[in-house]
Amino acid sequence: VKAHGKHDVQLFSPDLDAHRRARQGLECALRGALDRNEVSLRYQPLCDLAGKVVGAEALMRWKHLELGEVSPERFIPVAEDLGLIVPFGEWVLREACRQAAEWRLQGLTLRIAVNVSPAQLACADFPDQVWAALARAQLPAEALELEITERLVVQDGAQTAGVLETLGRQGVRIVIDDFGVGHSALAYLLRLPITGLKIDRSFVQQLQGRGNSEQGTERVVQAVTSLAHSLGLSVVAEGIETVSQRQRVHDLGCDYLQGYLLAPPLTPSDFESWWRAHEVQ
Ligand code: C2E
Ligand code: CA
Ligand code: CA
Ligand code: CA
């Protein structure tokens, strides 16, 4: 093929070709990942202000024989494009509920937070999937927290709201993840049957400075937190990396903390050891 304009040259550049082949390789590998048992979960603790562990967020990991560990930032968008996120998400839900039930038997009672993609909420039978996962694990609905993003809520208002209503009636907790980075109207979000907000780490990480923009961020976090509280919602601050960030979100009234300062996402057995060491203190 002969290249004419600037655009054509770009289209056939070796770079783009390599990129396309890499993407195809990734897609191909991803299709078989669940069947090959390459997908696993890590659990990151959520603590209250007193430092007690109250929950764990399940985070997906994929390790391919040749590609190695692929970051979720990279493979989740591909899984979403391919429609694979629906079976992947169902597996995550089942595995996370199973793990939470196992921990309960060991005396580690916590809520388990699971991330949910837009395509999952678009399935009318999603509440049934959730219900089946809970029943199979014999886990009470209140022990499960679904993390949804603003992006998701805006996409298909009526359908999503219906699914969320059903889940809320079942007693499942629903949290808006990455709160503050989207552009949806607050009033709209707050009409949904949500139980909490998770303030995005980009806000948390602006909290340690002393400049004007930091002060602006502080006021936003403080205002959002007091509004959330007046509506009976809980507030999680995620991405806490430093002692001073922990102090600030504590002062600003956030209820729960999550971040590398407390613990990174851990394998189930590391989570158990961490929890035991933590509870002894
Ligand atoms: P997220 O839901 O916002 O999850 C938090 C991400 O922040 C995780 O990245 C976590 O490892 C990271 N993190 C936790 N504490 C800190 C901290 O103190 N500092 C920094 N810089 N980062 C921190 P991870 O595990 O790479 O996941 C990335 C994203 O992939 C998640 O963002 C979520 O959107 C998506 N994801 C992960 N697992 C699933 C899943 O099972 N289903 C769906 N739909 N999405 C998932
Ligand atoms: Ca999340
Ligand atoms: Ca988040
Ligand atoms: Ca995020």
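Structure shown above.
Along each chain, numbering runs from 1 in the same order as the chain's sequence is written. Naming scheme: in the order in which they are written, chains are lettered from A and ligands are numbered from 1. The predicted nature of this model means local features are confined to residues of pLDDT at least 70 and side-chain atom pairs, given and counted, to a pLDDT of 80 or more, with totals for whole chains, interfaces and linings taken over all residues. Heavy atoms from the whole structure form the basis of all side-chain values; hydrogens and water molecules are not counted.

## Some remarks on the pairing of strand E8 (residues 234-237)
How we decide: Summary of the burial criterion: residues with accessible area below 20% of their type's maximum are buried, those above 50% are exposed, and those between are partly exposed, where the area comes from a 1.4 Å probe applied to protein chains only. Only runs of H or I of at least four residues qualify as helices and only runs of E of at least two qualify as strands under DSSP, and these elements are numbered from the N terminus. Pairs of strands are assigned from DSSP output, requiring at least two bridges between the strands. Whether a crossover is right-handed comes down to one check: with the strands pointing away from the viewer, does the path from the first strand over the helix to the second run clockwise; if it does, it is right-handed.
Side chains of E8 alternate between two faces, with Ser234 and Val236 and Val235 and Ala237 buried alike. Across two bridges, the pairing between E8 and strand E9 (residues 256-257) is parallel. Each bridged residue has a counterpart across the sheet, and for Val236 the counterpart in E9 is Tyr256. Considered for its hand, the β-α-β crossover made up of E8, helix H12 (residues 243-251) and E9 is right-handed.

## Notes on the coordination of the calcium ion (ligand 3)
Operational definition: Coordinating donors are taken as N, O and S atoms within 2.8 Å of the metal, stretched to 3.2 Å for Na, K and Ca; because water is absent from the atoms, sites can appear incomplete.
Those protein atoms acting as donors to the calcium ion (ligand 3) are Asp177 (OD), Asp178 (OD), Glu238 (OE) and Glu238 (OE), and they sit at 2.2 to 2.5 Å. Between consecutive donor residues of the calcium ion (ligand 3), the sequence gaps follow D-D-x59-E. A distance of 3.9 Å spans the gap from the calcium ion (ligand 3) to the calcium ion (ligand 2), which Asp177 bridges by coordinating each metal.

## Focus on the site of ligand 1
This is how it is decided: Proximity is defined per residue: if any heavy atom of the residue lies within 4 Å of a molecule or strand, that residue is considered near it. Polar contact criterion, stated in full: a pair of N or O atoms within 3.5 Å, where within protein one must be able to donate a hydrogen and the other to accept it, and residues adjacent in sequence count only if both atoms are side-chain atoms. A 1.4 Å probe and the Shrake-Rupley method give the accessible areas. Residues count as covered only by the protein chains that appear here. Any residue that is not Ala, Val, Leu, Ile, Met, Phe, Trp, Tyr, Cys, Pro, Asp, Glu, Lys or Arg is counted as polar, Gly included; the first ten are nonpolar and the last four charged.
Taken together, the neighbourhood of ligand 1 is formed by 22 residues, with Arg61, Ser117, Arg201, Glu241 and Tyr260 sitting nearest. Arg61 places a side-chain nitrogen or oxygen 2.9 Å from an oxygen atom of ligand 1. One nitrogen or oxygen atom from the side chain of Arg201 is found 2.8 Å from an oxygen atom belonging to ligand 1. Starting from 800 Å² of accessible surface for ligand 1 in isolation, the protein chains cover 86%. Those elements that place two or more of their residues in the shell around ligand 1 are strand E2 (53-64), helix H3 (72-82) and strand E6 (173-179). By residue number, the principal contributor to the shell around ligand 1 is E2, which donates four residues. In terms of residue class, the shell around ligand 1 is made up of eight nonpolar, six polar and eight charged.

## Quick word on the nonpolar core
One recurring pattern in soluble globular proteins: nonpolar side chains tend to sit buried together. Spelled out, the test is: Nonpolar cores were defined as sets of buried Ala, Val, Leu, Ile, Met, Phe, Trp, Tyr and Cys residues, with membership established by side-chain atoms within 4.5 Å. Whether two residues touch is decided by their heavy atoms; if any such pair falls within 4.5 Å, the residues are in contact.
Counting residues in each nonpolar core, the largest one holds 77 residues, and the members touching the most others are Leu144 and Leu146. The greatest single-element share of this core, amounting to nine residues, is contributed by helix H4 (residues 85-105). Apart from residues lying up to four places away in sequence, Leu144 is in contact with Leu93, Cys97, Ile112, Val114, Val130, Leu134, Val172 and Arg173.

## As for the pattern of salt bridges
To keep it simple, the criterion reads: Whenever Lys or Arg places a side-chain nitrogen within 4 Å of a carboxyl oxygen from Asp or Glu, that contact is recorded as a salt bridge.
Taken as a whole and assessed by the stated rule, the structure comprises 13 salt bridges. Between Asp17 and Arg20 there is a salt bridge, and its shortest N-O distance comes to 3.0 Å. One end of the pair, Asp17, and the other, Arg20, are both in helix H2 (residues 14-31), three residues apart, so they sit about a helical turn from each other. The closest approach of N and O atoms between Lys198 and Glu147, which form a salt bridge, is 2.6 Å. Of this pair, Lys198 sits in strand E7 (residues 196-199) while Glu147 sits in strand E5 (residues 144-149), placing them 51 residues apart in sequence. Of the two residues examined, Lys198 and Glu147, each falls in the buried class. Where salt bridges share partners, they join Asp17, Arg20 and Arg21 into one cluster.

## Notes on the coordination of the calcium ion (ligand 2)
Around the calcium ion (ligand 2), the protein contributes the donor atoms Glu57 (OE), Asn115 (OD1), Glu147 (OE) and Asp177 (OD), at 2.1 to 2.3 Å from the metal centre. Read N to C, the donor residues that coordinate the calcium ion (ligand 2) are spaced as E-x57-N-x31-E-x29-D. Note on Glu147: relative accessible area 2%, which makes it buried.

## Thoughts on H2
Under the convention used in this document: In this scheme, a helix's expected span is set at 1.5 Å multiplied by one less than its residue total. Taking the helix axis as origin, the arc is that swept by the directions to the C-beta atoms.
Between the first and last C-alpha of H2 there are 26 Å, a value that for 18 residues agrees with the 26 Å anticipated at 1.5 Å per step. Within H2, burial applies to Leu26, Glu27, Ala29 and Leu30. The buried residues of H2 occupy an angular sector of 170° when the element is viewed end-on, so they sit on one face. Projecting away from the buried face of H2 at angles above 90 degrees are the exposed residues Pro14, Arg21, Cys28 and Arg31.

## Looking at the state of the cysteines
Applied cut-off: We call a pair of cysteine sulfur atoms a disulfide whenever their separation is within 2.5 Å.
Inspection of the entire model under this criterion finds zero disulfides. As a non-bridged cysteine, Cys254 has Cys47 as the owner of its nearest cysteine sulfur, 14 Å distant. Taking the relative accessible area as the measure of exposure, Cys254 reaches 1% and is therefore buried.

## Topic: unusual backbone geometry
The phi torsion at Gln138 lies on the positive side, around 55°, for a residue other than glycine. By secondary structure assignment, the location of Gln138 is in the loop between helix H6 (126-137) and E5. Among the residues examined, Gln138 registers a relative accessible area of 72% and is labelled exposed. Positive phi values are uncommon outside glycine, yet Asp178 reaches one of about 50°. Looking at Asp178, the relative accessible area reads 26%, which means it is partly exposed.

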